[in-house]
Amino acid sequence: MAKDQLPQSAHGRPSPRTVLERLATGAGRAARITHTEHLPPRVGRHADWPDQIRPEVLEAIRAAGIARPWEHQALTAGHAMRGQSVVVATGTASGKSLAYLAPVLSALLDGSEAPNGRGATALYLAPTKALAADQRRAVAALAKPLGSAIRPALYDGDTPFEEREWVRQYATYVLTNPDMLHRGILPAHARWASYLRRLRYVVIDECHTYRGVFGSHVAQVLRRLRRLCAHYGADPVFVLASATAADPAAAAGRLTGVQVVEVTDDASPRGELAFALWEPPLTEMSGEHGAPVRRTATAECADLLTDLVVQGTRTVAFVRSRRAAELIALIAQEKLAAVDASLPSRVAAYRGGYLAEERRALERDLHSGRLLGLASTTALELGVDVSGLDAVLLAGYPGTRASMWQQAGRAGRAGQGALAILVGRDDPLDTYLVHHPEAIFQRPVESTVLDPDNPYVLAPHLCAAAAELPLTDDDLTLFGPETAALLPQLERRGLLRRRAGGYFWTRRERAADLTDIRGAGGKAVRVVESATGRLLGTVDDASAHTSVHDGAVHLHQGRTYLVEHLDLEDAVALVGEADPDYSTMARETTSVSVLSTDLEESWGAARVHFGSVEVTHQVVSFLRRRLITGEVLGETKLDLPPRSLRTRAVWWTVTDDQLDAARIHPEELPGALHAAEHASIGLLPLFATCDRWDIGGVSIPLHADTGLPTVFVYDGHPGGAGFAERAFHTARGWLTATREAIASCECEFGCPSCVQSPKCGNGNEPLDKPAAVRLLDCLLARETLPESAADPKADPAVGPGTDPGADPGADPGGDPGGDPAAGPAPVGE
């Protein structure tokens with residue numbers, strides 16, 4: 001029997017059920033567990049490696065303790081060896097790395113025997129530096145018996161400049177990330193010509209993370225890579241690895257632009273998993289308008305992490321922010337000091353912003369077992385081998401079921417049983433989930449949403465591609481159907497120039513710097529310490545107005561700063577170190593105008609629409625809130641210019657007759673619409689691969705374009721990101737869940753668990769919870785949307801004649817305020 005098929009007791013650790021029972025013994029603890037799901041252990045199914053795998057590689061794999069592959073590993077390797085691009089989409093710890101390493105190492109070994117000694121190369125792309133570094137260690141260990149033929153090397157922002165030339169000239173397996181490919185490798189392709197000419201495989205790890213606007217950017221980066229490879233005579237095979245995902249072949253095809261086969265049947269063994277849903281208790285504090293406040297997920301996770309470390313249970317707590325990671329680790333260390341003076345040093349935080357050597361030291365300590373507890377941002381979510389963990393805490397739903405299972409799967413990677421606990425935050429989605437376990441455990445993971453044809457994404461990549469090699473008619477198909485219309489626009493703007501040989505980049509600056517593939521574009525705002533002139537970092541252009549306005553609290557590497565002045569002309573925010581006892585939140589006014597309606601459905605008298613909109617934001621003030629209680633300490637006015645965002649939206653309207661039937665009086669209507677809008681935004685991540693912060697909304701009792709009471713939910717990214725379109729096609733389930741989440745909440749007038757929003761710039765005013773339930777009842781009562789609507793490709797938000805390079809920036813999320821011509825002021829988040 002293989003090691004990872006041993007029963008739980010053989011590992012000498014308490015079962016996950018026993019660990020959970022111990023956690024539940026504290027005062028009031030048992031009542032906080034709303035559901036426990038037990039996933040039974042699973043026995044693995046073996047197969048044989050394809051005949052094409054080199055015997056030396058098979059011997060190295062056996063030397064690593066792996067006698068035979070699992071079925072999905074062998075299938076994946078077989079497709080890759082036959083020259084078929086393939087995606088393996090199986091569970092965490094299912095051995096996906098070996099599925100692509102076997103064919104890659106075989107190809108590199110074959111190449112080492114080429115007459116000129118310069119055979120095949122391979123490229124590995126990871127979404128994070130930590131994952132690439134971890135894979136570098138794994139490859140080096142596995143390939144050690146194969147000698148100097150396999151030369152893996154990291155090439156990222158942490159690679160010293162003196163090593164980069166060696167990587168370009170001698171590395172056969174380069175491990176990097178899409179950002180470095182976009183900014184460092186492709187623009188310097190002439191220096192990488194020898195490597196690209198021999199490129200046999202491109203491995204894309206954790207490919208399900210490439211979604212939304214970021215995924216759309218990566219898709220275009222990969223098209224630029226394919227174009228340059230073809231220029232040098234290479235046609236690499238793509239091998240993608242993903243967490244379990246809906247329709248992975250289609251998603252991988254959209255990402256790479258090539259036909260991809262899928263392997264989805266997970267044949268690996270799995271230990272028992274106990275997965276608990278945990279709802280923090282209500283506190284004696286009250287929030288806005290006297291609403292009850294639950295204990296924070298951060299505080300709850302700090303207590304649970306403390307208890308697990310005391311038990312000797314190796315645990316990672318996943319959190320949503322850098323501040324929360326530091327805070328959980330600090331609280332746990334303080335509590336552990338009272339138990340055993342040796343324990344605080346065995347707990348740490350792990351997040352972005354640390355120096356490379358600090359991150360590597362933490363990873364080593366986690367591998368070795370010196371660390372018992374770690375509070376981490378999603379930097380450790382993706383594939384980093386942290387085998388030996390016993391438990392995972394999730395401080396709030398991470399936004400998608402794919403990410404949730406990915407995080408939960410960090411525990412039990414050595415085959416032992418594991419415990420996962422999802423601690424709900426005080427918001428509508430988390431509250432809904434902890435009371436509706438079927439929404440987590442009985443539904444498939446989400447589809448990966450991305451749109452490479454989004455003109456706001458495509459335009460800067462066309463410029464970057466033209467700077468790499470002149471664009472010709474042969475490239476139109478590669479970059480997508482919008483390319484032909486965009487090229488003349490870019491020429492009119494003076495970014496490209498057409499000559500007989502194609503379109504050329506005309507500027508002196510680097511075209512690759514036109515866009516940050518992880519942001520929304522625009523010039524990044526530099527954050528500079530005023531006392532020293534030291535550059536602390538940057539903030540993307542789209543969020544600068546809301547995050548580094550005058551008086552904002554700014555966090556950087558565990559330090560707190562106050563923004564002294566935001567200079568928009570020079571794109572600089574001057575900050576000074578401080579220690580305020582409050583946080584800040586910007587407030588905005590927002591108006592929405594309908595540009596075009598692409599799809600609509602009748603729901604009786606009500607109608608649901610999808611199309612293009614223009615959202616106009618203006619940050620007008622900011623609130624100061626106490627860190628612990630959220631109490632509003634005051635409001636300060638700001639004078640910042642308005643910004644517009646052309647994007648995609650879903651919106652629905654109701655008639656006066658419906659409002660009369662629902663007994664909603666005119667004075668109740670703004671609060672009913674606003675509450676329904678907040679709750680629907682909070683629930684949309686359950687139906688679309690997005691985060692609440694990826695979308696915004698506006699509600700208005702009488703909208704100028706519709707002439708009716710209207711609720712808008714829009715993508716918070718230029719050109720759209722596919723979320724609103726997904727909302728339109730799942731509107732029945734989405735709005736039904738919204739209604740249920742509001743109605744089932746224990747509060748009387750509305751709270752963060754149902755209709756209050758953490759990013760409402762109108763101070764969550766007005767909100768009318770009972771009227772919102774009646775409003776959604778009348779909306780859903782007579783709807784006639786078919787069970788399965790077609791899902792045509794949405795037209796991009798930018799039509800011919802629009803300047804795709806114009807600054808579209810706006811912060812995701814709308815707010816109150818409004819256009820006088822639109823009638824009553826809109827409210828939203």
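Residues numbered from 1 in each chain as written. Predicted model: local features only at pLDDT ≥ 70, side-chain atom pairs only at ≥ 80, totals over all residues. Heavy atoms only, no water.

## Focus: the packing of helix 9 (residues 212-231) against helix 17 (residues 455-468)
And step 1. Following both chains from N to C, one finds helix 9 and helix 17 inclined at 20 degrees, their axes separated by 10 Å at the closest point. One way to sum up the angle between helix 9 and helix 17 is to call them roughly parallel. At the point where helix 9 passes helix 17, the crossing takes the right-handed sense. Each of Val213, Ser216, His217, Gln220, Val221, Arg224, Arg227 and Leu228 in helix 9 lies in contact with helix 17, whose residues at this interface are Val457, Leu458, His461, Ala464, Ala465 and Glu468.
And step 2. Considering only residue class, the contact of helix 9 with helix 17 consists of seven nonpolar, four polar and three charged. (Axes fitted to C-alpha atoms, helices over the stretch in contact; angles between N-to-C directions. Helix = DSSP H or I, 4+ residues; strand = E, 2+ residues; numbered from the N terminus. Parallel < 35°, antiparallel > 145°, perpendicular 65-115°, else oblique. Left-handed = near helix turned anticlockwise from the far one by under 90°. Contact = heavy atoms within 4.5 Å. Nonpolar A, V, L, I, M, F, W, Y, C, P; charged D, E, K, R; others polar.)

## Re the side chain of Thr730
And step 1. Locating Thr730 in the fold gives a position in the loop between helix 23 (723-729) and helix 24 (731-744).
And step 2. One polar contact links the side chain of Thr730 to the main-chain carbonyl oxygen of Arg726, over a distance of 2.9 Å. (Polar contact = N/O pair within 3.5 Å; in protein donor to acceptor, adjacent residues only side chain to side chain.)

## Let's talk about the packing of helix 24 against helix 25 (residues 769-781)
And step 1. Look at helix 24 against helix 25: their axes get within 9 Å of each other, and the N-to-C directions meet at 150 degrees. Our classification of the angle between helix 24 and helix 25 gives roughly antiparallel. Judged by the sense of rotation from one axis to the other, the crossing of helix 24 with helix 25 is left-handed. For the pair formed by helix 24 and helix 25, the contact residues are Arg732, Leu735, Thr736, Thr738, Arg739, Ile742 and Ala743 on the first element and Lys769, Ala772, Val773, Leu776, Asp777, Leu779 and Leu780 on the second.
And step 2. Taken together, the residues of the contact of helix 24 with helix 25 sort by class into eight nonpolar, two polar and four charged.

## Remarks on the packing of aromatic side chains
Any pair of aromatic rings gets described here by the distance separating the centres and the angle formed by the planes.
And step 1. Overall, the coordinates contain eleven aromatic pairs when judged by the stated rule.
And step 2. Here the aromatic rings of Tyr100 and Tyr124 are separated by 6.2 Å at their centres, their planes lie at 45 degrees, and the arrangement is tilted. Taken together, the residues Tyr100 in helix 4 (residues 96-111) and Tyr124 in strand 3 (residues 121-125) connect sequence positions 24 residues apart.
And step 3. Relative accessible area serves as the criterion here: at 0%, Tyr124 is assigned to the buried category.
And step 4. These aromatic residues form a ring-pair network of at least three members: Tyr100, Tyr124 and Tyr173.
And step 5. For the cation-ring pair, Arg164 lies above Tyr155, with the distance from its terminal atom to the ring centre recorded as 5.7 Å.
And step 6. Between Arg164 and the ring centre of Phe161, over which it is positioned, the NZ or CZ distance is 4.3 Å. (Phe/Tyr/Trp six-rings, centres within 6.5 Å; stacked < 30°, edge-to-face > 60°. Buried < 20%, exposed > 50% of the residue type's maximum accessible area, 1.4 Å probe, protein only. Lys NZ or Arg CZ within 6 Å of the ring centre and 35° of its normal.)

## Brief notes about the sheet that holds strand 8 (residues 261-263)
And step 1. Read across the open sheet, the seven strands follow the order 4-5-3-6-7-2-8; overall the sheet is parallel. The outermost strands of the open sheet, each flanked by one partner alone, are strand 4 (152-154) and strand 8. Within the sheet, the average angular offset between the axes of one strand and its neighbour, ignoring direction, is 20 degrees.
And step 2. Sheet topology note: the strand 3/strand 6 (residues 199-204) ladder contains five bridges and is parallel. Within strand 6, the position partnered with Leu123 by the bridge is Val202.
And step 3. The strands touched by helix 4 are strand 2 (86-89), strand 3, strand 5 (173-176), strand 6 and strand 7 (237-242); relative to strand 6, the strand with the most contacts, the crossing angle is about 170 degrees.
And step 4. The strands touched by helix 9 within the sheet are strand 3, strand 6 and strand 7, with strand 6 carrying the most contacts at an inclination of about 175 degrees. (Pairing = 2+ DSSP bridges.)

## Examining helix 10 (residues 248-256)
And step 1. Counting buried residues in helix 10 gives seven out of nine residues, a clear majority hidden from the surface.
And step 2. Looking at helix 10, one finds that the buried residues are Pro248, Ala249, Ala251, Ala252, Gly253, Leu255 and Thr256.
And step 3. Taken from the residues just after helix 10, Gly257 is the one with a positive phi, measuring 80 degrees.

## Section: the pattern of salt bridges
And step 1. Summed over the entire model, instances satisfying the criterion amount to 32 salt bridges.
And step 2. Among the salt bridges present, the one from Arg68 reaches Asp48, with a minimum N-O distance of 3.3 Å. Residue Arg68 is found in the loop between helix 2 (55-63) and helix 3 (71-81), and its partner Asp48 is found in the loop between strand 1 (33-39) and helix 2; the two are separated by 20 residues along the sequence.
And step 3. Using a relative accessible area of 58% as the deciding quantity, one classes Asp48 as exposed.
And step 4. Each of Arg32, Arg295, Glu300, Asp303 and Lys335 takes part in salt bridges that share partners, so that together they form one network. (Salt bridge = Lys/Arg side-chain N within 4 Å of Asp/Glu carboxyl O.)

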